[in-house]
Structures are given as structure tokens and as C-alpha cells.
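# Observations on the model geometry
Take a look at the letters that make up each chain.
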Amino acid sequence: MLQRWPLLLGLIAGLGAIYLGLETGSGEADAWGRAARWTARIGLPIFLLTYAASALGRIWPGEITRTIWRNRRWWGLGFAACHTVHLYALIKALEASGEVRTIGSLIPGGIAYLLIFLMALTSSDAAMRVLGKNWKRLHTFGIHYVWFIFTAAYAGRLMTAKTRPEAIYGVSLCLLALAIRIAAWRKTRRS
Ligand code: HEM
């Protein structure tokens, strides 16, 4: 039961971000816009912990990193919960702003959501047994795809002065997590 707390943390973080957005926004569109941004912002470190969990454990073996590694399924589910809250917030944000999105602009994020839900639904030993090699394919592709969407979303905000601080936050965390994975991969190859 204790190992499940990252799932609860993800849900509370997402709902907390919505609450803060709604409390501080001026007007409905601004409030839901904040909620959409902040739910993504708080979900990123939870996602990156899942993304880099095994790499952290291999580079810095220790009690904390081993616990994160062992519980990475629950960190992944925590991220899925938090990002489901992002989905709710962004639907409300789009509704409130009246902004119309083209189908094309929804495809990359839509695929990410499909992968997040498929990974969450198959986060069990039983699903691993049933899917065999396809389980690894789904989870390896899925986690890298979600990493790419986060990186691209933040990189796209680098060019605008107003959004540059959060873009630097997002891009640097994403690149740091990638660097940790590459370092772990090189360490494993050497040994
Ligand atoms: C079809 C699916 C999606 C739609 C329509 C969507 C829409 C939105 C909207 C409306 C915002 C607020 C934009 C603003 O006010 O500047 C936002 C922010 C954001 N979204 Fe999503 N999103 C989707 C999926 C995703 C996914 C799957 C990810 C990551 C894997 C993601 C990551 C982000 C990030 C990083 C931000 C900016 C957060 C910040 O300001 O710190 N989004 N999204």
C-alpha cells in the first residue's frame, strides 16, 4: 500500500494545480489557462522521475534511488493521474477561451494521451505476461514519445520572452533526464 503513494501524489498535485489556477486567475479563460499550464508544469517532474528511474538507480545506487526504481510503476501511474487532470483542465481552458483547434494540432498531444492511457492500463505483471515483447515496445516507445512532446512543448516557448522562464525550466529538466539515461546506458555498456 505504501509504495502506491506516488499515484496519490500525482492526483493531489494535479488537483492542487487546478485549485491554484482557479483561485488566482482573473476571469474564467485566464483561470482555466493557468490550470492547464500548471497541471502540465507539476506533472513534468513526476514524469521525468519515471523516465529516469532505472537510470538513476544504475548511476547512483542507494536506498532512495533503488526505492524510486522499484516503485517506478507507481510514479508512472502518478504521472498518468496528474496528466489526466491536465486533460480536464485544457478541455475547460479551450471551452472557456472559445479557441478552435484544428484536428492536425490535436494529433501529437492526442497520440501522447493514447500512449499514456495504454501504458497506465498495462502497468501490471499480468499485462506484461500477456503482451510479452510488445509490452517493452509499447512502454519504451511511449515514454520516449511523451518525453518528446514535453520537450517540444517547452522548446516552442523559448522564443517568446513571456514564456521563456517556464521554457527554460522544462527544456533543462527534460535534457537533464535524457543525459542521465544516456550516462546510465554508457555505464551499462562499459561494464
Ligand atoms: C490534444 C492534447 C493537448 C492539448 C489540446 C493541450 C493543450 C494545452 C493548453 C491549452 C495549454 C495551455 C497553453 C497556454 O495557456 O499557454 C497547454 C500547456 C501545456 N501542455 Fe498541453 N495539451 C495537450 C496535451 C499535452 C501533452 C500530452 C503534454 C505532455 C506530454 C502537454 C504538455 C504541455 C506543456 C508542457 C504545457 C505548458 C506548461 C507550462 O506553461 O509550464 N500537453 N496544453
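This text follows the structure it describes.
Just so you know, these numbers come straight off a predicted model, no measurement behind them.

## Considerations on the coordination of the iron atom of the ligand
Coordination of the iron atom of the ligand by the protein involves just one donor, His86 (NE2), at a distance of 2.5 Å. With respect to the helices and strands, the residue His86 is situated in helix α4 (residues 72-97).

## A word on the environment of Leu175
Mapped onto the secondary structure, Leu175 falls in helix α8 (residues 164-190). As for Leu175 and Gly110, which are separated by 65 residues in sequence, their C-alpha atoms are 23 Å apart.

## Describing the pattern of salt bridges
Going through the model one piece at a time under the given rule, you end up with four salt bridges. Among the salt bridges present, the one from Arg34 reaches Asp30, with a minimum N-O distance of 3.1 Å. Residue Arg34 and its partner Asp30 are both found in helix α2 (residues 28-59); the two are separated by four residues, about one turn of the helix. The class of Arg34 is partly exposed, set by a relative accessible area of 23%. Of the charged contacts in the structure, one is a salt bridge between Asp125 and Arg73, with a shortest N-O distance of 2.8 Å. On the criterion of sequence distance, the pair formed by Asp125 in helix α6 (residues 125-131) and Arg73 in helix α4 is long-range, its members being 52 residues apart. Classification of Arg73 as partly exposed rests on a relative accessible area of 29%.

## Description of the site of the ligand
Every one of the 20 residues lining the ligand counts as a neighbour, but Arg37, Arg41, His83, His86 and Tyr154 are closest to it. Tyr154 places a side-chain nitrogen or oxygen 2.6 Å from an oxygen atom of the ligand. Between Arg157 and the ligand, the recorded distance is 3.3 Å, taken from a side-chain N or O atom to an oxygen atom. Contributing elements (two or more residues each) for the shell around the ligand: α2, α4, α5 (103-121) and α7 (133-155). For the shell around the ligand, the per-class residue count stands at eleven nonpolar, four polar and five charged.

## Here's the deal with the side chain of Thr50
In this fold, Thr50 is placed in helix α2. A relative accessible area of 13% means that Thr50 is categorised as buried.

## Details of a positive patch on the surface
Taken together, Arg186, Lys187, Arg189 and Arg190 make up a surface patch of like positive charges. Along the chain, the position of Lys187 falls in helix α8.

## Brief notes about the nonpolar core
Phe47, Leu48, Tyr51, Phe79, Val146 and Phe150 are the most contacted members of the largest nonpolar core, which has 32 residues in total. Those elements that provide at least two residues to this core are α2, α4, α5, α7 and α8. For this core, the leading source of residues is α2, giving ten residues. With near-sequence residues (within four places) excluded, Val146 lies in contact with Phe47, Phe79, Ala112, Ile116 and Met119. With seven residues, the next largest nonpolar core counts Ile18, Ala35, Ala36 and Ala89 among its residues.

The rules behind the values
- Residues numbered from 1 in each chain as written.
- Predicted model: local features only at pLDDT ≥ 70, side-chain atom pairs only at ≥ 80, totals over all residues.
- Heavy atoms only, no water.
- Donors = N, O, S within 2.8 Å, 3.2 Å for Na, K, Ca; no water.
- Helix = DSSP H or I, 4+ residues; strand = E, 2+ residues; numbered from the N terminus.
- Salt bridge = Lys/Arg side-chain N within 4 Å of Asp/Glu carboxyl O.
- Buried < 20%, exposed > 50% of the residue type's maximum accessible area, 1.4 Å probe, protein only.
- Near = heavy atom within 4 Å.
- Polar contact = N/O pair within 3.5 Å; in protein donor to acceptor, adjacent residues only side chain to side chain.
- Nonpolar A, V, L, I, M, F, W, Y, C, P; charged D, E, K, R; others polar.
- Patch = residues over 30% accessible without salt bridge, like charges linked within 9 Å, V, L, I, M, F, W, Y side chains within 5 Å.
- Areas by Shrake-Rupley, 256 points an atom, 1.4 Å probe, with all protein chains shown as cover.
- Lys, Arg positive; Asp, Glu negative; His and termini not counted.
- Charge placed at Lys NZ, Arg CZ, Asp CG, Glu CD.
- Core = buried A, V, L, I, M, F, W, Y, C linked by side-chain atoms within 4.5 Å.
- Contact = heavy atoms within 4.5 Å.

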